[in-house]
Amino acid sequence: MNRRAAALLLALGALLVALPHVAGSYALSVATLILYFAYTGQAWNVMMGFAGQLSLGHSIYVGVGAYAAGALFFHYGIGPWAGLWLAIALSVLIGLVIGFLAFRFGISGVYFALLTIAFAEFTRIGFDHLDWLGGPGGMFLKVAQRDQIDLANFRGPPIMYYYAMLALSAAALALCAWLLRSRAGYYWRAIREDEEAAQALGINTFRWKMLAVTISSAMTAISGVFFAFYYNNLFPEQIFNIGRSIEIILGPVIGGVGTLFGPILGAAVLTLLSDGITEALAAFGWEIPGIKQVLYGLVLLAAIMFMPHGIWPALARRIGVDR
Amino acid sequence: MSAALEVRGVSKSFRGLRAVHDAWIDVPQGAIVGLIGPNGAGKTTIFNMVAGVYAADAGEIVFRGRRIDGLRPDQVCAAGIGRTFQLVKPFAGLSVLDNVTVGALHRAPNVSAAKKHAAEIVERLGLGAKREQPASSLTLPDRKRLEVARALATRPELLLLDEVMAGLRPTECDQMVEAFREINRAEGLTIMLIEHVMRAVMALAQRIVVLHHGEVIARGAPGEVVRDPAVLGCYLGEETEV
Ligand SMILES: Nc1ncnc2c1ncn2[C@@H]1O[C@H](COP(=O)(O)OP(=O)(O)O)[C@@H](O)[C@H]1O
Ligand SMILES: [Mg+2]
């Protein structure tokens, strides 16, 4: 990282730490959402951006993580700090099953992506039939007082959730930066670029792909735990929805797949864009059904056409920092 | 001389097409052996069987006294065999140095040691000025050099080179020949090379094996092989670059 990049990152960090003290409650909820997608996008990026394994079913890890920690709290009053470990363990287990099936039997590329979608869909259907978890009617966590911070049960005012998500995003950035510079980072990128050549250089591609899945699913499970305790209601139809998986990957795709900062920038751009369009439409008084989605889609299309590698690589070059 | 690599009666068919049939090849420890023959003779297929990409239909492959047929490509690399690909396979999005660092990591204890080793090899193969460029920006001859650099970085005892001189100018070809000779002499690296550029084969190889329609039709010292009527008939008579 060069000097300028370090300075910019520090400035951004300071800004984000100070934000709750200047922003209103609406802005704070938008910022929390951005950080949520920044974090989850980084988790997905480990698998696809670094190791080249396209998952279109990441909602499965969010959902399983959310339900695991949520159920412990709902049924036994066990707080998320313990639930987190169950969430991670179950998500990683599912990731390893998917990875084992795919990588042992040579399922790759789009077929791998299809397998990830299939797993998420099956899980959604399965959860619809799990009455213990509320089935299609959903599971609702008891909302505590919002004015006092109860860290043990992760209950408190919006500012607590904001800082939690900020800490997670920053930790994910540090972890990803370290991973990319490590042996794993070199091996993953080699596998991403050309798996046969990677194997010829002595890389046990099965093992390293499984590691990428493990880290990515574990990180995403934490998103799920956050989701459960932030929104307090979980529905299989929503949380395992393929739309949710797409939502997760849009940030990194628009920001720059495989880059460190792309998922963060992408999350910010997309969330602000979506909000901006809503407000602009309201301001102009346009009420055409679907117009928001059309405009959103057009902007995405333009971004991908003009910056096929994402916004971050293009921006990084312009402001003179490394990618 | 003991054999480093022994290919014993190996055969391989692709959907009924006989690519290699009952091939026997010995590569002595520390030697440089050339494998020549017309296009489609089965040369690359033999490399792919040695490297663990294809399983042989019949026969055995022994490296330093141990059977390696049945191993995966990464296990073959770990056993001490490095290989290049005829159709080059650079890690296109990575820099030249990072490409070679991936190879160097195979034996290096950590990333910084690997980078250091990789930098030396990049320099040795004349890619020093381009080390920070993405591999996708390299010309074909440079990509071939990168193939060699990456394979060498794994510190192999046997190096399999598949047409790495193709497209090089004569002076560049001579430089590469010199580099291989030097590594062979200084480090005792055993080399088996597939090559159409006879200038390089004649300069490097102590022994040559000629393959035609998947079968070995001649073997021996370079001087003898190029005068062999069978070899002249099927191969050297026609499309040879000298
Ligand atoms: N993966 C493959 N699938 C089908 N046929 C193949 C495959 N690899 C090689 N062949 C065929 O095997 C024969 C030998 O090919 P190859 O070993 O590449 O020859 P060479 O390297 O001597 O030019 C050719 O007829 C080629 O078409
Ligand atoms: Mg060939």
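As the structure is a prediction and not an experimental result, all values here were calculated from the model. (Residues numbered from 1 in each chain as written. Chains lettered and ligands numbered in written order. Predicted model: local features only at pLDDT ≥ 70, side-chain atom pairs only at ≥ 80, totals over all residues. Heavy atoms only, no water.)

Let's talk about the interface of chain B and chain A
Turning to step 1, where the next piece is worked out: Each partner contributes residues to the interface: chain B has 27 residues there, and chain A has 19 residues.
Turning to step 2, where the next piece is worked out: Between chain B and chain A, roughly 1,900 Å² of surface is buried when both sides are summed, and carbon and sulfur atoms account for 62% of that area.
Turning to step 3, where the next piece is worked out: Taken together, the links from chain B to chain A amount to two salt bridges.
Turning to step 4, where the next piece is worked out: Seen at the junction of chain B and chain A, the total is eight residue pairs in polar contact (both at pLDDT 80 or more).
Turning to step 5, where the next piece is worked out: Only α2 (73–79), α3 (96–104), α4 (111–124) and α5 (140–153) of chain B provide two or more residues apiece to the side of chain B that touches chain A.
Turning to step 6, where the next piece is worked out: No other element matches α3 of chain B, which puts four residues into the side of chain B that touches chain A.
Turning to step 7, where the next piece is worked out: The residue makeup of the side of chain B that touches chain A, split by class, is 14 nonpolar, six polar and seven charged. (Contact = heavy atoms within 4.5 Å. Buried area = accessible area lost by both parts, 1.4 Å probe. Salt bridge = Lys/Arg side-chain N within 4 Å of Asp/Glu carboxyl O. Polar contact = N/O pair within 3.5 Å; in protein donor to acceptor, adjacent residues only side chain to side chain. Helix = DSSP H or I, 4+ residues; strand = E, 2+ residues; numbered from the N terminus. Nonpolar A, V, L, I, M, F, W, Y, C, P; charged D, E, K, R; others polar.)

Description of the sheet that holds strand β3 (residues 32–36) of chain B
Residues and elements named next belong to chain B.
Turning to step 1, where the next piece is worked out: Strand order across the open sheet formed by six strands is β6-β7-β8-β3-β9-β10, with mixed pairing between neighbours. Strands at the two margins of the open sheet, each flanked by one partner only, are β6 (81–83) and β10 (215–220). Neighbour-to-neighbour, the strand axes of this sheet turn through a mean angle of 15°, independent of strand direction.
Turning to step 2, where the next piece is worked out: Pairing analysis gives three bridges linking β6 to strand β7 (residues 158–162), with the strands arranged parallel. Residue G82 lies in a different strand from β7, and its bridge partner there is L159. (Pairing = 2+ DSSP bridges. Axes fitted to C-alpha atoms, helices over the stretch in contact; angles between N-to-C directions.)

Observations regarding the domain arrangement of chain B
Residues and elements named next belong to chain B.
Turning to step 1, where the next piece is worked out: Per the domain assignment, the segments making up chain B are domain 1 (1–80 + 157–242) and domain 2 (90–155).
Turning to step 2, where the next piece is worked out: Put simply, the middle of domain 1 and the middle of domain 2, counted by C-alpha atoms, are 24 Å apart.
Turning to step 3, where the next piece is worked out: Counting residues at the interface gives 17 residues for domain 1 and 12 residues for domain 2.
Turning to step 4, where the next piece is worked out: Between domain 1 and domain 2 the total buried area reaches about 1,200 Å² when both faces are included, carbon and sulfur atoms providing 65% of it. (Domains from an automatic or database assignment.)

Side note on the site of ligand 1
All names here are of chain B.
Turning to step 1, where the next piece is worked out: Near ligand 1 the following residues occur: F14, L17, A19, P38, N39, G40, A41, G42, K43, T44, T45 and Y54.
Turning to step 2, where the next piece is worked out: Contact distances for ligand 1 include 3.2 Å between an oxygen atom and a backbone N or O atom of A41.
Turning to step 3, where the next piece is worked out: Taken by itself ligand 1 offers 560 Å² of open surface, and the protein chains cover 67% of this.
Turning to step 4, where the next piece is worked out: Where the shell around ligand 1 is concerned, the elements lending two or more residues are β2 (17–28) and α1 (43–50).
Turning to step 5, where the next piece is worked out: Here the shell around ligand 1 takes three residues from α1, the largest share from any one element.
Turning to step 6, where the next piece is worked out: Among the residues making up the shell around ligand 1, the classes are represented as six nonpolar, five polar and one charged. (Near = heavy atom within 4 Å. Areas by Shrake-Rupley, 256 points an atom, 1.4 Å probe, with all protein chains shown as cover.)

Points about the pattern of salt bridges
Turning to step 1, where the next piece is worked out: Taken as a whole and assessed by the stated rule, the structure comprises 25 salt bridges over all chains.
Turning to step 2, where the next piece is worked out: A salt bridge links K89 of chain B to D194 of chain A, with the nearest nitrogen and oxygen atoms 3.8 Å apart. Taken together, the residues span two chains, with K89 of chain B in the loop between β6 and α3 and D194 of chain A in the loop between α7 (183–193) and α8 (195–200). D194 of chain A matches K89 of chain B in its accessibility class, with the two residues each being buried. (Buried < 20%, exposed > 50% of the residue type's maximum accessible area, 1.4 Å probe, protein only.)

So, empty space enclosed by the protein
Turning to step 1, where the next piece is worked out: Summed over the entire model, instances satisfying the criterion amount to two cavities of 30 Å³ or more.
Turning to step 2, where the next piece is worked out: By volume, the largest cavity amounts to about 40 Å³.
Turning to step 3, where the next piece is worked out: Lining the largest cavity, in full, are A200 of chain A together with A51, V53, P73, V76, C77, I81 and R83 of chain B.
Turning to step 4, where the next piece is worked out: Those elements that provide at least two residues to the lining of the largest cavity are α2 and β6 of chain B.
Turning to step 5, where the next piece is worked out: Of the residues contributing to the lining of the largest cavity, the split by class is seven nonpolar, no polar and one charged.
Turning to step 6, where the next piece is worked out: Put simply, the second largest cavity is a space of about 40 Å³. (1 Å grid on protein atoms, 1.4 Å probe; cavity = no way out; pocket = protein on both sides within 12 Å on 5 of 7 lines; lining within 4 Å. Points joined across faces, edges and corners; volume = space filled by probe spheres on them.)

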